[in-house]
Structures are given as C-alpha cells and as structure tokens.
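Analysis of the macromolecular model
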Amino acid sequence: MNTARVFDELLNALRAALGAAAVLTPDAQDPLDRYQQDWRKRYRGQALAIVRPANTDEVAQVVRLCAQHGVSIVPQGGNTSLVGGSVPDASGHQIVLSMSRLNRVLSVDAANLSMTVQAGCLLADVQAAADQAGLLFPLSLASEGSCTIGGNLATNAGGTQVLRYGTARELCLGLEAVTAQGDIWQGLQSLRKDNTGYDLRDLLIGSEGTLGIITAASLRLYPRPASQMSALVACNSLDACLRLLALARQTLDASLTGFEVMHRAPVALALQHLPAQAHAATALLPTSGDVSALPEWTVLLDTASTRVPHELSAQLEPLLDTALVAGLIDNAVIAQTETQYRAMWTLRETIPLAEKMEGLMVKHDIAVPTSCVPDFVRQAQAALDMAFPGCRVVCFGHLGDGNLHYNVQGPAHQSDQAFLSQHEHTVNDIVYDIVQRLNGTISAEHGIGQLKRDELGARQCAVSTQWMRAIKLALDPANTLNPGRLVP
Ligand SMILES: Cc1cc2nc3c(=O)[nH]c(=O)nc-3n(C[C@H](O)[C@H](O)[C@H](O)COP(=O)(O)OP(=O)(O)OC[C@H]3O[C@@H](n4cnc5c(N)ncnc54)[C@H](O)[C@@H]3O)c2cc1C
C-alpha cells in the first residue's frame with residue numbers, strides 16, 4: 001500500500017476509535033504551532049496529526065493503531081521541553097500524542113502521604129490538589145503552570161526544591177504506562193518498599209517517551225509546612241555563596257529547601273525585559289536599586305518547616321548575621337510579607353523568560369559536584385573569553401544541587417543567530433570539556449531530547465550507550481516511540 005493510503009487508513013481508524021474531535025490535522029488556517037513548535041522556538045516540526053486520547057485505554061488503542069501502520073509517535077505533555085523532546089520531526093509522518101485530556105487527580109491518600117493522578121495533569125494542579133488536602137507536593141519549576149506530571153516524570157525534572165526533596169524520580173511511588181506495543185503496564189502502587197526485581201518504574205522515569213507512555217502516576221506527598229521563609233542575599237563571589245550554603249546546611253538542616261544563585265547578568269536581563277516583575281525583588285536589597293549596583297551574585301535562600309514561623313526566623317536571622325560578620329555576604333533581606341516572598345521568587349522565575357526575550361543563546365544545563373562549581377565558572381569564563389572576546393555569559397541555577405544554567409551569547413556586535421549557527425559546537429566543546437574534567441554531566445535536569453543526543457553519544461561511556469540501545473531495542477524494537485530522541 002502506498003504511504004498516503006496508509007496515513008489515510010490510520011487517520012480514519014483513529015477517528016473511529018477516539019471520535020473525530022480527538023484527531024487534529026494541521027492546516028494553513030491553524031498550523032497548530034502549540035503542538036508542533038518547541039517552547040524556545042528552536043524546533044518546528046510537521047505532524048501527520050495531533051491525537052488527544054481521553055483515557056489510558058484510548059492511549060493504548062492509539063499506540064496499537066500506530067504500531068500496526070508503522071507510524072511513530074511523539075508523546076507530548078505541556079510541550080515545555082527545553083531540548084526539543086516533545087515536537088515532531090519535519091517529515092509530516094509522525095503522530096503527536098497529546099496527554100492534555102488525561103488531566104484528573106484520581107485520589108489522595110493522606111494517611112499514606114500519596115496521591116494518584118493522570119499523567120496529563122498540570123504540575124500546578126497537582127500541587128494545588130495536595131495543598132487542598134493539607135499536604136505538599138514539592139516539585140516546583142518555573143514552567144509549572146504549563147508542564148504536566150507525565151512530562152516531569154518522563155524527563156526526571158528537577159527545579160528549585162531538589163536540595164530537600166529530590167528530583168521527580170524521588171517523588172514517584174508508582175506508574176501506569178502504555179508499552180510500544182499498546183499493552184498497559186500496571187505499576188501504579190503507592191509503596192515505599194518493593195524489592196521485586198528490576199525497577200521498571202525507574203527505567204521509565206527519565207526515558208523521555210522512548211520506552212513507554214506514562215498514563216498515571218502515584219506520587220509521594222509531604223506534610224505541608226506551617227511556615228516558609230525566603231531571603232535574598234548579596235554575595236561578591238561564588239566561593240562565598242558556597243561557604244554560605246555550607247553554613248545554611250549546618251544551621252538549618254532539613255529546613256533548608258532551596259539555594260538558588262543568580263549572577264548579575266541574568267538579574268540585569270530580568271530588569272531590562274520584565275522590569276515590573278523583577279524590580280520588586282531587587283529593590284529589597286539596599287545596594288541593588290539599579291542595574292549598575294547589582295551584586296555580583298544574588299542568592300535566593302528558601303526555608304520551610306512544619307513548626308511555627310517564629311522558630312524558622314530564630315534560625316535564619318542568626319545565620320545571616322553570622323555570614324555578614326564572617327564577610328561571606330554583603331547584605332541580606334528576609335521576606336517579611338507574602339508579597340515580598342512572591343517578589344523574590346518571581347525574580348528567579350522570570351529569568352528564563354527574560355533570556356528568551358533577549359534572544360538566542362548557546363544554552364547549557366550542566367551539573368558538577370557542588371564543591372567544583374566556582375572552579376567550573378572560573379575555567380569556563382577564561383576559556384570563553386579567550387575563544388570569543390566580548391562574549392556574554394548568563395549564569396544562574398540551583399547551587400545546592402551543583403546545577404547551573406550556563407548560557408552563552410555572542411559579543412554585542414554579532415547577531416545572536418549568526419553566533420549560534422557559527423559557534424555553537426565550539427562553545428559546547430569548551431563548556432562540556434570542562435564539565436567532563438570535573439566529573440559532571442551535560443544534562444542535569446532538562447534531559448537530552450534531540451538537542452543533546454549526539455553530544456551524549458560522544459561523551460558517555462560506551463557501555464552506557466550499548467545498554468541504552470539494547471533496552472530500547474528490547475522494549476520498542478520497531479522504534480515507534482519518540483524515535484531519534486535521547487538514545488544516541
Ligand atoms: C520557563 C521554563 C522553566 C523550566 N524550568 C525547569 C526546571 O527548573 N527544571 C526542570 O527540570 N525543567 C525545567 N523546564 C523544562 C520543562 O518544563 C521540563 O522538562 C518538564 O518536565 C517538561 O514537562 P512537559 O509536560 O512540558 O513535557 P513535554 O515538554 O511535553 O515533554 C518532555 C519529554 O517528555 C516526553 N513526555 C511527555 N509526556 C509524557 C508521558 N506522559 N509519557 C511519556 N513521555 C512523555 C516527551 O516525549 C518529551 O520527550 C523549564 C521549562 C520552561 C519553559
């Protein structure tokens with residue numbers, strides 16, 4: 001049968017199974033960019049159709065029909081991937097399987113500190129449902145209003161609370177998933193302990209839609225903190241930030257939930273592109289009312305406790321006093337109101353958007369052992385200055401996890417597009433060689449997708465690549481699920 005007839009037959013079968021309204025085909029009137037273009041607008045694909053099943057059985061039917069017709073599938077949650085993992089290729093031959101209609105919270109088990117949700121639930125809705133039950137689901141990303149829990153698990157997302165609660169992997173107790181053959185795997189348990197062989201849940205987490213489609217998840221909850229407090233701190237070096245982190249860990253122990261750092265450049269970008277959002281926070285620090293006086297490094301330190309607020313401030317205030325006396329910090333302010341607390345987090349969360357508004361950059365999401373972060377920044381800056389005099393670095397991230405977003409823009413006189421297309425490989429080589437020498441990783445939390453697939457193949461141990469390929473071949477021999485992504 002020729003390809004066009006196969007595609008027509010598949011589309012008819014999908015419409016018959018799910019209803020015509022669940023099968024969208026892009027056309028000139030509605031190119032359906034929200035499904036076909038990535039968040040950074042770096043990749044734009046062309047899908048045969050966007051299919052929106054309503055439940056697990058329908059997901060299984062879609063996969064079976066696609067497998068029968070030899071058509072591959074790109075699973076998609078909120079399409080906030082920063083590595084081009086969730087958009088189709090340009091062939092017009094792939095189905096985007098959108099999980100947006102599987103968006104229900106199924107149950108909350110307060111006594112077991114767990115909840116069960118469908119995979120297309122927005123992360124913000126998962127957090128809200130936990131909160132309504134008087135509990136906490138701590139995964140927190142700037143994209144939480146758009147990304148889904150299925151996407152978070154498929155990418156093993158990180159975010160701002162990893163220091164205390166771990167990544168999405170640590171927050172998942174069980175999964176339900178549809179295999180590449182269209183069978184349903186039932187692993188939706190809510191146990192803390194289960195030693196019955198290979199951990200299939202952990203295999204799926206971080207597999208970026210290449211091994212199975214996550215349809216539901218059982219999640220680990222925590223008691224909701226009674227008090228939460230953040231401080232914005234000005235430091236003049238990353239070494240000082242690191243010493244402050246050690247002091248904060250020692251003093252606050254489990255109450256320390258986040259330790260974010262922002263170099264002067266990303267804060268300046270936030271002030272430039274989103275002044276209304278950013279200024280409310282920077283104005284809180286005495287020396288940083290205007291861009292020229294911004295501190296070299298701004299730390300956003302987050303604490304939470306199930307005890308009363310008074311006990312938290314009794315720990316935080318002396319900690320900052322000690323740091324000031326020891327010369328680790330230049331000044332600090334503790335949020336006194338909910339508005340100030342929100343302003344501090346808004347500053348941090350506007351940075352990715354401000355960067356996007358600034359233009360194209362060569363982006364990195366690296367991690368090195370926390371103790372090596374200052375060394376990484378020193379070495380990378382020196383090597384980049386040498387190779388590209390005048391280049392601009394935008395660096396911020398989760399110092400508590402050794403994870404930096406380290407993004408490089410060309411010199412001001414060169415167009416961003418020209419710098420990216422001419423120098424991306426060289427910039428990557430410079431940055432990743434240093435990361436590798438410091439025993440780090442080229443992807444701390446965003447995943448591999450299509451952006452970093454070849455880089456992963458070139459840099460990871462050969463045995464890792466062999467095992468990844470063998471696992472992919474065993475579970476998806478026809479390469480139906482997200483081909484060309486993740487697996488080198
Ligand atoms: C402003 C902004 C801030 C961000 N901050 C962070 C951050 O702090 N930390 C972080 O880790 N990430 C961050 N991200 C990246 C992104 O939000 C995460 O990777 C998120 O987990 C993706 O979820 P999603 O639902 O949008 O997935 P998508 O982008 O739709 O998909 C991501 C990958 O998962 C696969 N996938 C999606 N759903 C499923 C499913 N149900 N089953 C199987 N595979 C699936 C897709 O095929 C794709 O490979 C940020 C993104 C933006 C835009």
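Keep in mind that this is a model prediction, so the values were computed, not measured. (Residues numbered from 1 in each chain as written. Predicted model: local features only at pLDDT ≥ 70, side-chain atom pairs only at ≥ 80, totals over all residues. Heavy atoms only, no water.)

To continue, consider the overall build of the chain. The number of helices and strands found in the chain is 16 helices and 18 strands. In terms of C-alpha radius of gyration, the chain reaches 23 Å, essentially the compact-globule figure of 23 Å for 488 residues. Seen along its three principal axes, the alpha-carbon backbone of the chain occupies a region of about 75 × 60 × 45 Å. Out of the 488 residues in the chain, the part that is buried amounts to 55%. Pairs at least 24 residues apart make up 72% of the contacts formed inside the chain by residues separated by at least 6 positions. Counting every atom, the chain has about 20,200 Å² of accessible surface; 52% of that belongs to carbon and sulfur. Here the chain holds 35 positive side-chain charges and 46 negative ones, and the gap between their average locations is 3 Å. (Helix = DSSP H or I, 4+ residues; strand = E, 2+ residues; numbered from the N terminus. Rg over C-alpha atoms; globule rule 2.2 N^0.38 Å. Buried < 20%, exposed > 50% of the residue type's maximum accessible area, 1.4 Å probe, protein only. Contact = heavy atoms within 4.5 Å. Areas by Shrake-Rupley, 256 points an atom, 1.4 Å probe, with all protein chains shown as cover. Lys, Arg positive; Asp, Glu negative; His and termini not counted. Charge placed at Lys NZ, Arg CZ, Asp CG, Glu CD.)

Before going further, it helps to spend a moment on the packing of aromatic side chains. What the rule picks out here adds up to 3 aromatic pairs. Seen from their ring centres, Tyr165 and Tyr222 are 4.8 Å apart, and the 65° between their planes marks the pair as edge-to-face. With a gap of 57 residues between them, Tyr165 in helix α6 (residues 162–165) and Tyr222 in strand β11 (residues 222–223) connect regions that are remote in the sequence. A single burial state applies to Tyr165 and to Tyr222, both of which are buried. A ring pair is formed by Phe376 and Tyr406, whose centres lie 5.1 Å apart and whose planes are at 75°; its orientation type is edge-to-face. Here Phe376, found in helix α13 (residues 373–387), pairs with Tyr406, found in strand β18 (residues 403–409); they are 30 residues apart in sequence, far enough to count as distant. For Phe376, a relative accessible area of 0% translates into the label buried. Tyr406 gets classed as buried once you look at its relative accessible area, which sits at 1%. Over the aromatic face of Trp39 sits the side chain of Lys356, whose NZ or CZ is 4.0 Å from the ring centroid. (Phe/Tyr/Trp six-rings, centres within 6.5 Å; stacked < 30°, edge-to-face > 60°. Lys NZ or Arg CZ within 6 Å of the ring centre and 35° of its normal.)

Looking now at the site of the ligand. Not every one of the 35 residues close to the ligand is listed here, only the nearest: Pro75, Gly77, Thr80, Ser143 and Thr148. Here Asn482 contributes a side-chain N or O atom positioned 3.1 Å from an oxygen atom of the ligand. For the ligand, whose accessible area on its own is 970 Å², the fraction buried by protein is 97%. Broken down by secondary-structure element, the contributors of at least two residues to the shell around the ligand are β3 (73–76), α5 (149–154) and β10 (212–220). The element contributing the most residues to the shell around the ligand is α5, with 4 residues. Residues that form the shell around the ligand fall into these classes: 13 nonpolar, 20 polar and 2 charged. (Near = heavy atom within 4 Å. Polar contact = N/O pair within 3.5 Å; in protein donor to acceptor, adjacent residues only side chain to side chain. Nonpolar A, V, L, I, M, F, W, Y, C, P; charged D, E, K, R; others polar.)

Attention now goes to a nonpolar patch on the surface. Together, Tyr198, Leu200, Leu203, Val463, Trp467, Ile471 and Leu475 give the surface a local cluster of nonpolar side chains, amounting to about 730 Å² of exposed area. Those elements that provide at least two residues to the nonpolar patch are α7 (200–204) and α16 (462–475). For Tyr198, the location among the structural elements is in the loop between β9 (184–187) and α7. Among the residues examined, Tyr198 registers a relative accessible area of 79% and is labelled exposed. (Patch = residues over 30% accessible without salt bridge, like charges linked within 9 Å, V, L, I, M, F, W, Y side chains within 5 Å. Salt bridge = Lys/Arg side-chain N within 4 Å of Asp/Glu carboxyl O.)

All right, on to the sheet that holds β3 then. As summarised here, the arrangement of the 4 strands in space is β1-β2-β4-β3, forming an open sheet in which the pairing is mixed. The outermost strands of the open sheet, each flanked by one partner alone, are β1 (23–24) and β3. Relative to the sheet, helix α1 (residues 3–18) contacts β1, β2 (47–51) and β4 (94–98), its axis offset from that of β2 by approximately 5°. In this fold helix α3 (residues 56–68) packs onto β2, β3 and β4, with an angle of close to 175° to the strand it touches most, β4. (Pairing = 2+ DSSP bridges. Axes fitted to C-alpha atoms, helices over the stretch in contact; angles between N-to-C directions.)

With that settled, consider the pairing of strand β13 (residues 256–263). Burial within β13 is extensive, with 8 of its 8 residues counted as buried. Judged from the 3 bridges that link them, β13 and strand β17 (residues 392–398) form a sheet pairing that is antiparallel. Following the sheet pairing, Val261 is matched in β17 by Gly397.

Our focus in this paragraph is helix α12 (residues 338–358). For an α-helix, the turn length of 3.6 residues means that residues three or four places apart are oriented alike. For α12, spanning 21 residues, the distance from its first C-alpha to its last is 30 Å, which sits close to the expected 30 Å at 1.5 Å a residue. Considering bend angle alone, the principal kink of α12 is centred on Ile351 and spans about 40°; proline Pro352 follows within four residues of it. Turning to α12, its buried residues are Tyr341, Ala343, Met344, Trp345, Leu347, Arg348, Thr350, Ile351, Ala354 and Glu355. (Expected span 1.5 Å × (residues − 1). Bend = angle between axes of the 7 residues up to and from the residue.)

Attention shifts here to the sheet that holds β17. Sheet architecture is open: 7 strands sit in the order β15-β12-β14-β13-β17-β18-β16, paired in antiparallel fashion. The open sheet has two edge strands with one neighbour each: β15 (331–334) and β16 (365–367). Strand-to-strand twist of the sheet, defined as the mean angle between neighbouring strand axes without regard to direction, takes the value 20°. With 3 bridges connecting them, β16 and β18 associate as antiparallel partners. Directly across from Ile366, in β18, lies its bridge partner Leu404.

In this model, the second largest pocket occupies a volume close to 820 Å³. Lining the second largest pocket we find 32 residues, and of these Leu136, Gln228, Glu338, Tyr341 and Arg342 sit closest to its centre. For the lining of the second largest pocket, the element with the most residues is α12, which contributes 5 residues. Taken together, the residues that form the lining of the second largest pocket break down as 15 nonpolar, 10 polar and 7 charged. (1 Å grid on protein atoms, 1.4 Å probe; cavity = no way out; pocket = protein on both sides within 12 Å on 5 of 7 lines; lining within 4 Å. Points joined across faces, edges and corners; volume = space filled by probe spheres on them.)

Before going further, it helps to examine the state of the cysteines. Across all of its chains, the model carries 0 disulfides by this definition. Cysteine Cys172 is unpaired, with the sulfur of Cys121 as its nearest cysteine sulfur at 14 Å. (Disulfide = S-S within 2.5 Å.)

Residue placement: Thr116 occurs in strand β6 (residues 114–118). A relative accessible area of 13% places Thr116 in the buried class.

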